[in-house]
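One-letter residues, chain by chain:
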Amino acid sequence: MTEQFNVQTLNQFIIQRQSEYPGAKGELSRLLHHIGIAAKIINRAVNKAGLVDILGEQGDQNVQGEDQQKLDVFADSHFINALKASGECCAVASEENENIILFEDEMGRNGKYVFCMDPLDGSSNIDVNVSIGSIFSIYERISPRGEVAKIEDFLQEGTKQVAAGYIIYGSSTMLVYTTGNGVNGFTLDPSIGEFCLSHPNIKTPKSGTIYSINEGNYINFHSGVKKYIKFCQEKDAKSKRPYTSRYIGSLVADFHRNLLKGGIFIYPQTNKNSNGKLRLLYECNPIAFIAEQAGGKATDGKQRILKIAPEAIHQRVPFYTGSTNMMKKAEEFLDFFD
Ligand code: AHM
Ligand code: MG
């Protein structure tokens with residue numbers, strides 16, 4: 001079993017990266033380490049979802065008025081416990097909680113970071129055994145350490161993120177993250193219970209042949225989006241069209257596939273929802289940070305996602321992300337917006 005000795009675990013990787021910054025005190029490293037632990041606990045629950053009584057709807061609704069499922073609540077509370085235990089986090093914004101969660105004890109008040117998360121994204125896919133994910137984003141607080149965190153700590157533009165990542169619970173479980181120095185992916189080896197570096201320095205292809213959008217909403221799309229979909233479906237040998245349509249309905253899984261293979265993901269504004277569906281703080285910003293770090297792009301159709309000044313923690317924005325050349329082409333069509 002000599003191959004195991006070549007493996008670099010997530011924790012080894014985090015420590016190695018920390019050592020490359022001589023002044024680093026290990027605060028972010030400790031936080032990332034605890035995220036890794038939470039990810040393993042949630043992975044175990046996700047894997048057993050079909051077996052145990054954890055499956056099914058909780059009966060509650062989350063702040064967006066959507067049905068909440070038990071595994072969402074489980075993931076939410078385990079992330080919160082891990083973040084509290086890290087001692088590096090002073091507050092959390094979660095899709096599952098209307099208000100921010102403040103860690104008000106002394107350790108929490110001294111935490112350097114705030115954490116935004118969608119603890120279980122794509123939750124409509126849980127009970128049909130389709131890939132789901134967790135998404136997170138980390139900021140350094142702007143309020144003074146030692147005080148209770150404030151909402152302003154969360155309302156920073158995405159360029160201020162110090163780290164972001166996602167966990168995909170797919171045919172294998174992966175943790176992909178960036179601290180602004182490239183993107184690295186780790187696959188969970190269940191036999192040793194460790195995330196192992198499997199996708200170092202991920203770079204997304206400049207062009208791709210996959211487009212991902214919920215075409216069931218076609219009637220409600222703006223003309224620019226409709227024209228771009230038509231463009232994807234037309235025949236053109238040079239640009240390898242028609243493109244392939246792939247849409248899972250789990251942002252993490254749709255994005256992850258396109259990141260590795262090259263493609264574009266779109267959740268646009270519609271006649272019904274002028275800001276689309278996806279949330280800026282804990283869905284779009286972290287994915288945008290990863291996309292850019294991998295050499296791709298992410299916009300709301302007009303401007304960089306990472307330059308949007310947030311106004312509320314559950315704010316929604318239209319979302320376009322993917323391979324640079326595909327994004328540029330899509331933007332030409334979006335100029336036709338009514
Ligand atoms: P959720 O956070 O309630 O799970 O919703 C977010 C999900 C994304 O993962 C996915 O991209 C999108 O909703 C799919 O929405 P739709 O079913 O409207 O296409
Ligand atoms: Mg979500």
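Residues numbered from 1 in each chain as written. Chains lettered and ligands numbered in written order. Predicted model: local features only at pLDDT ≥ 70, side-chain atom pairs only at ≥ 80, totals over all residues.

Draft legend 1. Geometry of the UniProt feature "binding site: Mg(2+) 2" (unreviewed entry) in the protein. UniProt tags D118, D121 and E283 as "binding site: Mg(2+) 2" (unreviewed entry). A maximum C-alpha distance of 8.5 Å is found for the annotated residues, which run over 166 residues; spatially they form one tight group. Looking at the element boundaries, D121 is found in strand β5 (residues 113–121). Sequence-distant contacts of D121, that is, excluding residues within four places in its chain, are made with I132, G133, S134, I135, S250, L251, V252 and E283. A residue is classified by how many C-beta atoms lie within 10 Å of it, and E283, with 26 of them, is buried. (UniProt positions renumbered as here; feature names shortened; annotations may be inferred. Helix = DSSP H or I, 4+ residues; strand = E, 2+ residues; numbered from the N terminus. Contact = placed C-beta atoms within 7 Å. Buried ≥ 20, exposed ≤ 12 C-beta atoms within 10 Å, placed from the backbone.)

Draft legend 2. How the structure looks around helix α7 (residues 280–293). Burial of α7 is extensive: 14 of the 14 residues sit out of reach of the surface. Following α7 by one or two positions, G295 adopts a phi angle in the positive range, close to 95 degrees.

Draft legend 3. Unusual backbone geometry, seen in detail. Cis geometry marks the peptide bond from R241 to P242; its omega dihedral reads 5 degrees. Inspection of the secondary structure puts P242 in the loop between α5 (223–233) and β12 (244–245). The backbone of N201 sits at a positive phi, close to 45 degrees, despite the residue not being glycine. Within the element layout of this structure, N201 appears in the loop between β10 (194–199) and β11 (210–212). You can call N201 exposed: it has 12 C-beta atoms within 10 Å.

Draft legend 4. Quick look at the environment of V252. Its location among the elements puts V252 in helix α6 (residues 251–261). Ignoring any residue separated from it by four or fewer positions in sequence, one finds V252 in contact with D121, G122, G133, I135, Y166 and I168.

Draft legend 5. Representation of the pairing of strand β7 (residues 161–169). Judged by how many residues are buried, β7 sits mostly within the fold: eight of nine residues are covered. As defined by bridge partners, strand β6 (residues 132–140) adjoins β7 across eight bridges and the pair is classed as antiparallel. Of the residues in β7, the one forming a bridge with Y139 is Q161. Strand direction decides the pairing type here: β7 and strand β8 (residues 173–178), joined by six bridges, are antiparallel. Counted as the bridge partner of G165 is Y177 from β8. Between β7 and β8, which pair antiparallel in sequence order, lie three residues. (Pairing = 2+ DSSP bridges.)

Draft legend 6. Focus on the pairing of strand β15 (residues 319–322). Burial along β15 is two-sided: the residues F319 and T321 and Y320 and G322 are all buried. Inspection of the sheet shows strand β13 (residues 263–267) paired to β15 by four bridges, in the antiparallel sense. Note on β15: the bridge partner recorded for Y267 is F319. Examined bridge by bridge, strand β14 (residues 297–299) and β15 share three bridges and lie antiparallel to one another. Within β15, the residue paired with A298 across the bridge is T321.

Draft legend 7. View of the confidence of the model for the protein. In the predicted model, the protein carries a mean pLDDT of 92, and the fraction of residues at 70 or more is 92%. The complex model carries a pTM of 0.93, and its ipTM stands at 0.97. (pLDDT = per-residue confidence, 0-100.)

Draft legend 8. Structural view of the sheet that holds β6. Overall, mixed pairing links the eight strands, which are arranged β4-β3-β5-β6-β7-β8-β9-β10 in an open sheet. Each having just a single partner strand, β4 (101–102) and β10 make up the two edges of the open sheet. Pairing between β8 and strand β9 (residues 183–189): five bridges, direction antiparallel. The partner of M174 across the bridge, within β9, is T187. Against the sheet, helix α1 (residues 10–19) touches β8, β9 and β10, its axis set at about 70 degrees to β10. Here helix α3 (residues 70–86) sits on the sheet and contacts β3 (89–94), β4, β5 and β6; the angle it forms with β5, its principal contact strand, is near 155 degrees. (Axes fitted to C-alpha atoms, helices over the stretch in contact; angles between N-to-C directions.)

Draft legend 9. Fine view of the packing of α5 against helix α8 (residues 324–334). It is at 8 Å that the axes of α5 and α8 come closest, and there the two elements cross at 135 degrees. With respect to each other, α5 and α8 are oriented oblique. The interaxial crossing formed by α5 with α8 has right-handed handedness. When α5 is examined against α8, the residues G224, K227, Y228 and F231 are found in contact with a partner set consisting of A330, F333 and L334. In terms of residue class, the contact of α5 with α8 is made up of five nonpolar, one polar and one charged. (Parallel < 35°, antiparallel > 145°, perpendicular 65-115°, else oblique. Left-handed = near helix turned anticlockwise from the far one by under 90°. Nonpolar A, V, L, I, M, F, W, Y, C, P; charged D, E, K, R; others polar.)

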